[in-house]
Every structure is written in structure tokens, then in C-alpha cells.
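This is what each chain is made of:
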Amino acid sequence: MLRQTVVFFLALTAAGAPAYAQTCPVAAEVVPGATGAIADVRYLADDALAGRLAGSAGERCAGEYIAAEFARAKLRPAGDDGTFFQSLSLASALNPHAPGGTGRNVIAALDGADSRLRDEWIVIGAHYDHLGEGGTRSSLAPGEKAIHNGADDNASGVSVVLSAARALAAGPRPARSVLFMAFTGEESGLLGSTHFVAHPTIAGRMIAMINLDMVGRLGAGPLIVYGVDTAEQWRMLVEPAATRAGIAIATRGEGYGPSDHTAFYAKDIPVLHLFTNTHGDYHKPTDDADKIDVAGLGKVTRMVVEIASGVAARPDQLTLRRGAGKPPAASSGGTGGTYLGSVPDFSPVDRGVKLSGVTPGSPADKAGVRAGDIIVGMSKLEVADLQGLTDALRAHKPGDTVSLQLIRDGKPLTLEVTLGTRAAR
């Protein structure tokens, strides 16, 4: 039910918001008497925010709420121009159904206590957009025009990010710095996280990323933890933290998947993705706050805080392991049998396919293709967009040697690549 009480957020300097008017539901009216994680979930998953479609007014209000909570925890704004927000285009070269317009990542920093280590960052993040009122292919209630509140997907993850931020900000401060992020555009193709890793708003180096996506239905468990093979030390950090939090876990090695950690692992940053598994309400209007395991959110938060604190306190950085799992099939640069190993970026370019990376050991990697390269041609075929790359690969077979025309740092470059087969990876 739509709440009628509103407030005008005018130049919210405490929250680092832009100086324009934003009309949003008042949290005290939406979640009277509630605090902490359950207040976060109930506010973000309320009908008043209309499903938080990326770029919508409802998602904008969700961003304002998250920024206000970061400010309340006394975190430093770490977005653009001294605000908590990083603006980005919601157009996508890979997803023609992306909403378009402008979205915002919400970013806050807790600066590390050790001057020698504070330029090394641990990222704790979750996406905060959802599906609006459905009506798209992402909804699993086809033809049903109704608010998709996304309590588990992913108000639950955002609530853990906020709870971890409150806990770590309360002290003692970790040696390394921690970046807390709420990403936009995940449901449209990892748009917010992909933009951030290409345009980071912090100086220094990101050394680890913990992603929370659908962590609201823990119950008796297990909590699925992806990415444990992306760094040599993850298991020795994850397993005792889970035990002390009272959580049964199931670990998976791969660092790629359909969520925001993929954008970081493609940039050689060790990642974890925590997930309490899918359910019958996934991407449906029935994913509501009353089905969230609030005690489970507390356990997941304790586990995240311990893992992040462990990474922050280590004398050395985590040891990256490349090649843990396969990039998502839709962006792995292969079509059935013919395989290149390119990992496209989700941001649009004027012509060609920009790459966020290449799969280690793939034909592209062996030929010297790099992250940031833009593929514009393959032998005699033009590659104007992702469909053009798909068509060019389909026009060749495994074992063919092709000339790959690239733009690198604004200059043309041609590399010889011997195409492989997906089965040989």
C-alpha cells in the first residue's frame, strides 16, 4: 500500500546527496518502530518503492535511504564529488532490454587505521535494484503486472551490507580500508558493478570483494559460498567464521556467476558470493519482507564482519587464483564450438565490443588480448556490436587462425588468434 507521508530531501549534506529535490517515503512511517536489518528490508521492499527498477523514482528513494544509513554510521562519502553517489548510464551494449536513463551506485568508505595499509580496500557490496512492476522477461510471473518487491533479491543483501557497515564503523577500525557499496543495474546485466570497476571512485587497490545477493532465507542452511578458489586463503577465513556464526555452509570454487562479484573477479580481485539459494518466490511479486529470516541475516552479518576483519588484519594480501570457474556463457566469447575467451564489458561503446577481460589460458589470452581492448573486426568481418562478434565466431570453426582487429588505447592493433573449442578449456 502506498504511503502518503513524504519528505523532500533538499541538499542532504549529511548523507552527501545531490542538491536537488527528491520526494521519498518517510522511513518512520513505512517501518514504524523497526530498526536495524528488518527495518532496512521492510523499507526497501515496501510497495511505496514500487519494486526499485533501476533508474526509477523508487530505486532513487532506496538509494537515498541507503546513503542516509551510511551517514548515520558516520562513514565517509566515497562517490562522485564528495557525495555517496556514483552516477552511470543504464544503457547496455549486451542487454537491449536494459531500462536506459541514469542510475546511481551508493558508496561509503571506512578508512583503515594503519597508514601503511589503508590504500588497500576490501569491498562489501550488494545490488539494490529489482524488477519494478515486472512485465519483462526477467520476471517469472509472465503477464502479471504487479510490484515485485524483491525482499530477498536483494533487500536482504543490502541489509547485510548496512549491518556490516554499522558493526565495523563502531570500531575498532580495521587496519585496511573497507568500501561499502550498493550497486544499481544488476538485474539489467551487472551495470553498476561493471561501471565501478572501470571507474573506481577511490585511490589505491581493491584486494577482495564480498558480494551479498539473496541471503534472506537462511533457515537451517546451508549458506552457499561461491568463490573460495579465487584466493588461496579464502577457505581458512570462511570456514571458521561460518562455524562461529553458527552457519552450515556449502562452498563452491568458481569466481564467476550472475551477480556483481563477476565484475570484480574479471579484474583479478579475489571474490566471495554469499547466497541462501533460490526459492519459489524468486523474481515474483511474492518475494516479500515477511518471508525473510531476520535471525539468519544476523548470522550472515557476523560471518561477513569476521571475514572482512580477517582480510583487513592480514600482514599480506590474499593470493589471487585466476581461472576459478567459467565466465557466464552469455559473455564468454564463444558460440557453441568456436571459442575466443573474451569477456565483454557491459558498457556501450560507439563501435565494437569492449572487453572487461579475457579468460586465462583462452585463445584471446594466448594472443595477447587485454582488458580494455575493443574488438572491431575479425579477419574480413566487421564487429560493430556483440551480435557482430557472435556472427564472426559462427563464421569460423575451432582451429582457424584469424586476424583480430582491435582498438587499444585509442590506436588500431591487429593480433593473430587461433580459435579454440569450448570443450578444450
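Just so it is clear, the structure is predicted and the values come from calculations on it, not from any experiment.

Engineer: Before we move on, can you summarise the environment of A241 with the specific residues and values?
Structural biologist: Along the chain, A241 falls in helix α6 (residues 234-245). Between the C-alpha atom of A241 and that of V300, which follows or precedes it by 59 residues, the distance is 9.7 Å. Each residue touching A241, except ones within four places of it in the same chain, is listed here: M303, E306 and I307.

Engineer: Account for the state of the cysteines, naming residues and giving values.
Structural biologist: Here the structure, examined in full by the defined rule, presents one disulfide. Between the sulfur of C24 and that of C61 lies a disulfide, 2.1 Å long from S to S. Between C24 and C61 the disulfide shows an S-S torsion of about -90 degrees. By sign, it is left-handed. Highlighted residues: C24 in strand β2 (residues 23-25) and C61 in helix α3 (residues 57-72), separated in sequence by 37 residues. The residues C24 and C61 share a single accessibility class, namely buried.

Engineer: Explain the packing of aromatic side chains to me, using residue names and the numbers behind them.
Structural biologist: Applying the stated criterion to the full structure yields six aromatic pairs. For the pair F70 and F84, a centre-to-centre distance of 6.1 Å together with 40 degrees between the ring planes defines the contact as tilted. Here F70 is found in helix α3, whereas its partner F84 is found in the loop between β3 (76-77) and β4 (85-89), with 14 residues between them in sequence. When sorted by exposure, F70 lands in the same class as F84, which is buried. An aromatic cluster is built from F183, F196 and F264, whose rings are joined through pairwise contacts.

Engineer: Outline the packing of α6 against helix α8 (residues 294-313), supporting the account with residue identities and numerical values.
Structural biologist: Viewed as axis vectors pointing N to C, α6 and α8 meet at an angle of 145 degrees, and their least axial separation amounts to 9 Å. Judged by the sense of rotation from one axis to the other, the crossing of α6 with α8 is right-handed. In this structure, α6 contributes W234, L237, V238, P240, A241, A242, R244 and A245 to the contact, and α8 contributes K299, R302, M303, E306, I307, G310 and V311. By residue class, the composition of the contact of α6 with α8 is 10 nonpolar, one polar and four charged.

Rules behind the numbers
Residues numbered from 1 in each chain as written. Predicted model: local features only at pLDDT ≥ 70, side-chain atom pairs only at ≥ 80, totals over all residues. Heavy atoms only, no water. Helix = DSSP H or I, 4+ residues; strand = E, 2+ residues; numbered from the N terminus. Contact = heavy atoms within 4.5 Å. Disulfide = S-S within 2.5 Å. Buried < 20%, exposed > 50% of the residue type's maximum accessible area, 1.4 Å probe, protein only. Phe/Tyr/Trp six-rings, centres within 6.5 Å; stacked < 30°, edge-to-face > 60°. Axes fitted to C-alpha atoms, helices over the stretch in contact; angles between N-to-C directions. Left-handed = near helix turned anticlockwise from the far one by under 90°. Nonpolar A, V, L, I, M, F, W, Y, C, P; charged D, E, K, R; others polar.

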